Amino acid sequence: MLEIKGLRASAGEKEILTGIDLTVKAGEVHAIMGPNGSGKSTLAQVLAGHPAYAVTAGTVTFQGQDLLDMEPEERAQAGVFLAFQYPVEIAGVTNAYFLRAAYNAIRKARGEEELDPIDFLDRLEEKLAVVEWGPEIMQRAVNGGFSGGEKKRNEILQMAVLEPALAILDETDSGLDIDALRIVAKGVNALRRPDRATILVTHYQRLLNYIVPDFVHVLSEGRIVRSGGKDLALELEARGYEWLTGQTEGAVA
Amino acid sequence: MTTLYAEAFERSTRNGGGKGPAALVARRRAAFDRFASAGFPTTRDEDWRFTPVAPITRVDWRLDAGRLDAGGLVSAAQLEPFRFGQPGWATLVFVNGRFSPELSHRPELPAGVSVEPFAEALARDPEFVERSFALVAEPDATAFSALNAALAHEGAVIRVAAGADLAEPIHVLHIATAEAAGAALQTRTILSVGQGARAQFVESFAALGDGASFTNAVTEVTVGEGAWVEHSRIQRESESAYHVGLTQVEQGRDSHYRSFTLAMGGAIARHDLRARLGAENVECLLYGLYLGRGDQLVDNHTVIRHEFPNCRSWEVYKGILDGRSHAVFNGKVFVTPEAQKTDAKQTNRNLLLSDTSRVDTKPQLEIFADDVKCTHGATVGRLDEIAFFYLQSRGIPRDEAKQILIYAFAAEVVTEVASVPVREALDRLVQERLGIRA
């Protein structure tokens, strides 16, 4: 589904990704871990097409297409979804309007019929249940005045509605209490299907108790320094990152 | 220049301007004298620093446009788009400054509520007109309002008696047609709301065709004790037209006044909104939206005077500027020494869509009381790239994302309109102007 080869990316003068190689197959869940500053969020954002980063080398192929050659909206239309670490507040646009605009933009791009507000609301109801929300949330401005946990839940709601082939969660677990974490995990697990894949970017092992990954990768200084199965996450939990990165957490934070 | 206006004033005095109570006639003359001695402002006047009115003041306007035959210039069908699909609203229509009985709609209203053109009100209750005209509006507020006091013989006089509760808005609709090109239209509207009453008003300034007319409008609003008033002012004149307006509000104890001002027409459009919180426990909410494009100049000046304790004012003005348009915002909040426990917040936000658009914004607080909570702030910025990316990352194309973000910026103030039909009408109007697909 996704094949990353020799990916390098910079923000301004600073090179952050220094050569990433990663293959994600349909049906798999990959966890990307690593200390602060290792480049894991950058990787997530580069895959979604964040304008702050320039790709300087390497290729990314998504379902046979050159992902790096696509605009952010084309990536979304092709089935890539990024759950933001810091979801953006958009005052003046209701959640209902935003979600329907996104859903219909993707359908339109795929040559499918757009849904009117009534039909869309029907569809939305089951998705709201996933994140344990009532319909009233839809009349609030997008992330407007939401708590940190609510913003993350809203990302999961968007993901549930848009049903991406590849979901990338950028530290969706950080700052969540145990209930919110459970809801996020439920949303991700509800989406799991043999034809879909998930990349979880996370700092902590905690989320992986709820979403069991097939692979765990450790990033340090912009490249993958260790890959393994789910046990690697437990080892990291016990030993920290220093034994892999040669640095202490404090030095890179 | 003054000769033109002096002749017009003498002519108007002979042709009916001399009618009405002696005090009213004298007040008109005093206003004219003030205008004649002060003259029009220039950019050397602090209040007009960024708004050169020379394009208005150097023209020899036709000042008898009120005598243009209003009948037949506009058909009911042409008026439809300006009625917001609300044929049931009590509506006074003025075509080129002149009252049109045929196009107006005057349904039966609750007892004590009257909606009349100026001349009718003057004939029926001259004493009321005398004590309402050009008194709420400080006669010398601006040279333009003084000129209006001298020359305006048309407009609406709306009275809502104590305790009345109006279910629907009352609409005062001014239409300028192509025939108004080169004409100066002076209108004066009086809105008087009695104790404990609830009322909604919409004032529209619209155009058919793109004539360069000059509207000089003054509206005086009195909000009685405990009354609730929503007042929406929609200025959608031709982009070749000139518009200068003053709205002056006087609020009684425990009253609530909320205004929404939309300015999107005019080559030069200036609106002054002045509210005096003249008693205790008053609430005053001022929302504004201005949209500039091409070479438009749109200027909003507001003054809120807190003169009594325990009052609250809340002001949010937002602007969206494209092309080479230029916006001016000046908001003053005065808090006198008596006005303890004042709660005042003023915000002005501007969105620039082009490199050649410009904003001069100046929020001002002048506070002479010590136990108050007052804040103000102004921003000028562009669309947020991160917000763009957020929308794009959800599959929304960049063009559509831009529309959504621009609309969102505007919608944040439009949603503050309390009246649902007025809010929906404004929402559609703003979307249409911004070219947003619903």
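Residues numbered from 1 in each chain as written. Chains lettered and ligands numbered in written order. Predicted model: local features only at pLDDT ≥ 70, side-chain atom pairs only at ≥ 80, totals over all residues.

A. Inspection of the overall build of chain A at higher detail. Of regular secondary structure, chain A possesses 9 helices and 12 strands. Expressed as lengths along the three principal axes of its C-alpha atoms, the size of chain A is roughly 55 × 40 × 35 Å. Per-residue burial for chain A yields a buried fraction of 46% across its 253 residues. Looking at chain A alone, contacts between residues at least 24 apart form 71% of all its contacts between residues at least 6 apart. (Helix = DSSP H or I, 4+ residues; strand = E, 2+ residues; numbered from the N terminus. Buried ≥ 20, exposed ≤ 12 C-beta atoms within 10 Å, placed from the backbone. Contact = placed C-beta atoms within 7 Å.)

B. Expanded view of the overall build of chain B. From N to C terminus, chain B includes 10 helices and 19 strands. Taken over the C-alpha trace, chain B has a radius of gyration of 21 Å; the compact-globule value for 438 residues is 22 Å, and the two agree within 12%. Once the C-alpha set of chain B is aligned to its principal axes, its extents read approximately 70 × 50 × 50 Å. Looking at the 438 residues of chain B, the share that counts as buried comes to 52%. Counting only contacts in chain B whose residues sit at least 6 apart along the sequence, the fraction spanning at least 24 positions is 82%. (Rg over C-alpha atoms; globule rule 2.2 N^0.38 Å.)

C. How the structure looks around the sheet that holds strand E11 (residues 215–220) of chain A. Residues and elements named next belong to chain A. Within the open sheet, the 6 strands sit side by side as E6-E9-E10-E3-E11-E12. Their pairing is mixed. Edge positions in the open sheet fall to strand E6 (80–83) and strand E12 (223–228), since each of these has one partner strand only. Sheet twist, expressed as the mean angle between neighbouring strand axes with direction ignored, is 20°. Note that strand E3 (residues 29–33) and E11 share 4 bridges and pair parallel. Pairing of Met-33 across the sheet is with Val-218, part of E11. Set on the sheet, helix H5 (residues 148–162) makes contact with E6 and strand E9 (166–170); between it and E6 the angle comes to about 170°. (Pairing = 2+ DSSP bridges. Axes fitted to C-alpha atoms, helices over the stretch in contact; angles between N-to-C directions.)

D. Fine view of the interface of chain A and chain B. In this complex, chain A contributes 22 residues to the contact, which on the side of chain B involves 18 residues. Of all the secondary-structure elements, those providing two or more residues to the side of chain A that touches chain B are helix H2 (72–78), strand E7 (90–94), helix H3 (95–109) and H5 of chain A. With 5 residues, H3 of chain A is the largest single contributor of residues to the side of chain A that touches chain B. Considering only residue class, the side of chain A that touches chain B consists of 16 nonpolar, 4 polar and 2 charged. (Nonpolar A, V, L, I, M, F, W, Y, C, P; charged D, E, K, R; others polar.)

E. A look at helix H2 (residues 22–38) of chain B. Residues and elements named next belong to chain B. Along its 17 residues, H2 runs 24 Å from first to last C-alpha, staying within 8% of the 24 Å computed at 1.5 Å per residue. Of the positions making up H2, those classed as buried are Leu-24, Arg-28, Ala-31, Phe-32 and Phe-35. Each buried residue of H2 lies within a common arc of 100° when the element is viewed along its axis, so the set occupies one face. In H2, the exposed positions angled more than 90 degrees off the buried face are occupied by Ala-22, Ala-26 and Ser-37. Two residues or fewer after H2 comes Gly-39, characterised by a positive phi angle close to 75°. (Expected span 1.5 Å × (residues − 1). Arc of directions from axis to C-beta.)

F. Main features of the environment of Phe-368 of chain B. Residues and elements named next belong to chain B. Relative to the elements of secondary structure, Phe-368 occurs in the loop between strand E18 (358–367) and strand E19 (373–381). Separated by 28 residues in sequence, Phe-368 and Gln-340 have C-alpha atoms that sit 9.2 Å apart. Residues within four places of Phe-368 in sequence aside, it is in contact with Val-335, Thr-336 and Pro-337.

G. Local environment of the domain arrangement of chain B. Residues and elements named next belong to chain B. You can read the domains of chain B as domain 1 (2–279) and domain 2 (385–438). If you average the C-alpha positions of domain 1 and of domain 2, the two centres end up 31 Å apart. Listed by partner, the interface residues are 11 residues for domain 1 and 9 residues for domain 2. Elements supplying a minimum of two residues to the side of domain 1 that touches domain 2: strand E7 (198–207), strand E9 (228–236) and strand E11 (256–263). (Domains from an automatic or database assignment.)

H. Highlighting the confidence of the model for chain B. Residues of chain B with pLDDT of at least 70 account for 96%, and the chain-wide mean is 93. Scored by ipTM, the complex comes to 0.94, with pTM at 0.87. (pLDDT = per-residue confidence, 0-100.)

I. How the structure looks around the nonpolar core. In this structure, Ile-168 of chain A together with Ile-175 and Ala-410 of chain B are the most contacted members of the largest nonpolar core, which totals 206 residues. Per-element tally for this core: the top contributor is helix H9 (residues 398–414) of chain B, with 10 residues. Here Ile-168 of chain A is in contact with Ala-44, Leu-47, Ala-48, Phe-81, Leu-82, Ala-83 and Ile-199 of chain A, once residues within four sequence places are set aside. (Core = buried A, V, L, I, M, F, W, Y, C linked by C-beta atoms within 7 Å.)

J. Quick peek at the pairing of strand E13 (residues 283–292) of chain B. Residues and elements named next belong to chain B. Of all 10 residues making up E13, 8 are buried, and the element is well covered by its neighbours. Taken together, the 10 bridges between E13 and strand E15 (residues 312–321) define a ladder with parallel strand orientation. Within the sheet, the bridge partner assigned to Gly-292 lies in E15 and is Leu-321.

K. Broad picture of H9 of chain B. Residue and element names in this part refer to chain B. For H9, which comprises 17 residues, the first-to-last C-alpha distance of 24 Å matches the rise-based estimate of 24 Å (1.5 Å per residue) to within 8%. At Ala-408, H9 is bent by approximately 25°, the largest bend along its length. Of the residues making up H9, those classed as buried are Ala-401, Ile-404, Ile-406, Tyr-407, Ala-408, Phe-409, Ala-410, Ala-411, Val-413 and Val-414. (Bend = angle between axes of the 7 residues up to and from the residue.)

L. Layout of the pairing of E7 of chain B. All names here are of chain B. With 8 of its 10 residues buried, E7 lies for the most part within the structure. Two strands pair when backbone bridges link them, and strand E5 (residues 170–176) and E7 are joined in this way by 7 bridges, in the parallel orientation. Residue pairing for E7: Val-172 is matched across the bridge by Glu-203. As defined by bridge partners, E7 adjoins E9 across 9 bridges and the pair is classed as parallel. What sits directly across from Ala-199, in E9, is Val-229.

M. Spatial organisation of the environment of Leu-2 of chain A. All names here are of chain A. Relative to the elements of secondary structure, Leu-2 occurs in strand E1 (residues 2–11). Judged by the 22 C-beta atoms lying within 10 Å of it, Leu-2 falls in the buried class. Here the alpha-carbon distance between Leu-2 and Leu-176, two residues 174 residues apart in the chain, equals 29 Å. Look past the residues within four positions of Leu-2 in its chain and what remains in contact with it is Val-24, Phe-62, Leu-166 and Ala-197.

N. Molecular detail of the packing of H2 of chain B against helix H7 (residues 143–151) of chain B. All names here are of chain B. Where H2 meets H7, the closest approach of the two axes is 7 Å, and the angle between their N-to-C directions is 145°. By crossing handedness, the relation of H2 to H7 is classed as left-handed. Across from Arg-27, Arg-28, Ala-31, Phe-32, Arg-34, Phe-35 and Ala-38 in H2, the residues of H7 making contact are Ala-143, Ala-146, Leu-147, Ala-149 and Ala-150. Of the residues contributing to the contact of H2 with H7, the split by class is 9 nonpolar, no polar and 3 charged. (Left-handed = near helix turned anticlockwise from the far one by under 90°.)

O. Summary view of the sheet that holds strand E12 (residues 268–277) of chain B. All names here are of chain B. Read from one edge of the open sheet, 9 strands run E3-E4-E6-E8-E10-E12-E14-E16-E18, paired in mixed fashion. Among the strands making up the open sheet, the edge pair consists of strand E3 (113–117) and E18. In this sheet, neighbouring strand axes are inclined to one another by 5° on average, regardless of whether the strands run parallel or antiparallel. Where E12 lies against strand E14 (residues 297–306), 10 bridges are found, and the strand directions are parallel. Bridging from a neighbouring strand, Ile-268 pairs with Leu-297 of E14.

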